[in-house]
Amino acid sequence: MKFYITTPLYYINAEPHIGHAYTTIAADALARFYRMADYDVFFLTGTDEHGQKIAEAAKKQGVSPQQLADKNSETYKKLWKNLGISYTRFIRTTESSHEKVVEKVFRKLLEKGDLYKGEYTGHYCVPCEGYYIPEDEDSPLCPDCKRPMNKISEPSYFFRISKYAGRLRKYIEEHEFVKPDFRKNEVLNLIKSGVCDVSITRKNVEWGIVSPTPEKYTVYVWFDALLNYLSGIGYLHDEGLFEKYWPANVQLMAKDIIRFHNVIWPCMLMALDLPLPETIFAHGWWITGKEKISKSKGNAVSPGKIIEEYGVDALRFFLLREVPFGLDGEYSDETFKKRYNSDLVNDLGNLVNRTVNLVETKLSGTVAYSDTDNGLAEISAAAYENYEAKMKALALSEALEEAWKLVSALNKFLDEKAPWREGSTGVKQVLYSTVSGIRDCAIMLAPFIPESSLKIWRILGLPGDPCEYNFAALREKLPDGLTTQKREILFPRKK
RNA sequence: GGCGGGGUAGCUCAGCGGCAGAGCAGCCGGCUCAUACCCGGUAAGCCGGGGGUUCAAAUCCCCCCCUCGCUACCA
């Protein structure tokens, strides 16, 4: 079984902020989950590097657009490395293999008659890089940034979305394609309210892929960027790879680019006679106070700073645990600290620490195999079963809740058995079961907090890396004679 | 304006015809292996307002109020 997951390509004119990290971390957790569930996973992410904004930013900095792109895409790569992102491939839209695919697709659709030449008239907002209908025709202001827009009229090639809109509408109605569910109606309304053919070339934008037409236009950045989902797995140049992974199983993005992914993108695929992805999932935004976090609003929360203060796993955990995947979340240092201290420090970290301490003091650090029948194995199995279902449904926060049921059960189990008490019986069995349960936690949590899972693994004296085990390991008995290693505070408490 | 979601404990939310729930915060107690942790108990709600259907309504129907989305760029 294969699993192909994508994030959008991030537009490199901005520093990566928590929103970019959010999408990518979610995709990473899913990729890791499916790997551990024994799927053949392809996880694609990358950067979107064309367009007028990039050209202008480069000019301002006195470098070429390509130089700027090289530098900024590196920033993303670095952050992903720091966040433990296990992508299969990092694609850049300036790669020649991608550019060739865009050209080929353009030609293909042109020949098919799905692209045609027309005249585009509209108001263009340079900073927002978009065409909008202004409220006031006489003094057109961008509806978003309120800056004046230019009226533009130019020849352009259009993509015949209108030809596919009906088919798409029917498809969306009949399939579990648009996710979360509450978006389905929104998208259907979007389509019903009339979908215009979109202009996909720009006459006056130089930094972009040149259209294979008599006139040398550049390809509109979105048309260019969306095709990465195909080019990134070999479309039209590595058919074996492509056949293996297409269609995508999950395509993640934030809710603001739903339109591109749920309307334009599937129409492009239909025009190319390709099957549609299984799921297009739009998650919510992180806001501070009442505002969306974005660079232009100047309220960006820096993932780098959080990592420095709390560690990578704390950030990964917070983002995926705090808010039901799909809804907006409010970010604040307070909520972060609270979630960190209560879940990671108190529940999980302390559980590991107290258990290992008991193994050291009561069993001289060695956990011998014990036949046990105390209900913990059942709790673990049930937790996993629910966790697996939640993961497959993309209910990431709920999957974590399921795993936490085991964490809580283990803390409770220890309290009830009180192996530290004078004359406590069955200490060996109790600690064997507890350690085994912690092992199971480490496995289930590995997709979310891989670094910490590995630490737990090592502290328990288990060989290898939980990420390299698959979930089948949950059904195996904990090996005999494990020797716990030096205790380590997994998550230091924050005041 | 059109379409849609939501208003339930102090906070975040689940429940969507059959005794009002969870997590967090609060309070009380227990434990003292552990990162002042952990475990147990407990209080707390005219389920936005009004009307209706029903043996029975937080839940279904109608009206109203408030609120948030989408309709229009950015993860």
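Residues numbered from 1 in each chain as written. Chains lettered and ligands numbered in written order. Predicted model: local features only at pLDDT ≥ 70, side-chain atom pairs only at ≥ 80, totals over all residues. Heavy atoms only, no water.

Remarks on the overall build of chain A
Part 1 of the reasoning: Across its full length, chain A holds 17 helices and 17 strands.
Part 2 of the reasoning: The globule rule puts the C-alpha radius of gyration for 495 residues at 23 Å, and the 26 Å found for chain A is close to it.
Part 3 of the reasoning: Oriented by its inertia axes, the alpha-carbon framework of chain A measures out at about 90 × 45 × 40 Å.
Part 4 of the reasoning: Within the span of chain A, comprising 495 residues, buried residues form 55% of the whole.
Part 5 of the reasoning: In chain A, once contacts between residues fewer than 6 apart in sequence are set aside, the share between residues at least 24 apart is 76%.
Part 6 of the reasoning: Carbon together with sulfur atoms contributes 49% to the accessible area of chain A, which is approximately 21,500 Å² in total.
Part 7 of the reasoning: Side chains of chain A carry 65 positive and 67 negative charges; the gap between the two charge centres is 1 Å. (Helix = DSSP H or I, 4+ residues; strand = E, 2+ residues; numbered from the N terminus. Rg over C-alpha atoms; globule rule 2.2 N^0.38 Å. Buried < 20%, exposed > 50% of the residue type's maximum accessible area, 1.4 Å probe, protein only. Contact = heavy atoms within 4.5 Å. Areas by Shrake-Rupley, 256 points an atom, 1.4 Å probe, with all protein chains shown as cover. Lys, Arg positive; Asp, Glu negative; His and termini not counted. Charge placed at Lys NZ, Arg CZ, Asp CG, Glu CD.)

Examining the sheet that holds strand β2 (residues 40-48)
Part 1 of the reasoning: The strand order β3-β2-β1-β11-β12-β7 describes an open sheet built from 6 strands, whose pairing is parallel. Each edge of the open sheet is held by one strand with a lone partner, namely β3 (89-92) and β7 (178-179).
Part 2 of the reasoning: Where strand β1 (residues 2-11) and β2 come together, 8 bridges link them in parallel fashion. Residue pairing for β2: leucine 9 is matched across the bridge by glycine 46. (Pairing = 2+ DSSP bridges.)

Brief notes about the packing of aromatic side chains
Part 1 of the reasoning: In total, this model carries 40 aromatic pairs according to the counting rule given.
Part 2 of the reasoning: Consider the rings of tryptophan 222 and phenylalanine 260, whose centres lie 3.9 Å apart with planes at 5°: the pair is stacked. Placement of the pair is tryptophan 222 in helix α7 (residues 221-226) and phenylalanine 260 in helix α10 (residues 258-271), with a sequence separation of 38 residues.
Part 3 of the reasoning: Given a relative accessible area of 16%, phenylalanine 260 falls into the buried group.
Part 4 of the reasoning: An aromatic cluster is built from Tyr22, Phe281, Trp286, Tyr310, Phe318, Phe325, Tyr331, Phe336, Tyr340 and Phe491, whose rings are joined through pairwise contacts.
Part 5 of the reasoning: Positioned above the aromatic ring of tryptophan 285, the side-chain terminus of lysine 255 is 4.5 Å from the ring centre.
Part 6 of the reasoning: Over the ring of tyrosine 310 we find lysine 494, and its NZ or CZ is 5.4 Å from the ring centre. (Phe/Tyr/Trp six-rings, centres within 6.5 Å; stacked < 30°, edge-to-face > 60°. Lys NZ or Arg CZ within 6 Å of the ring centre and 35° of its normal.)

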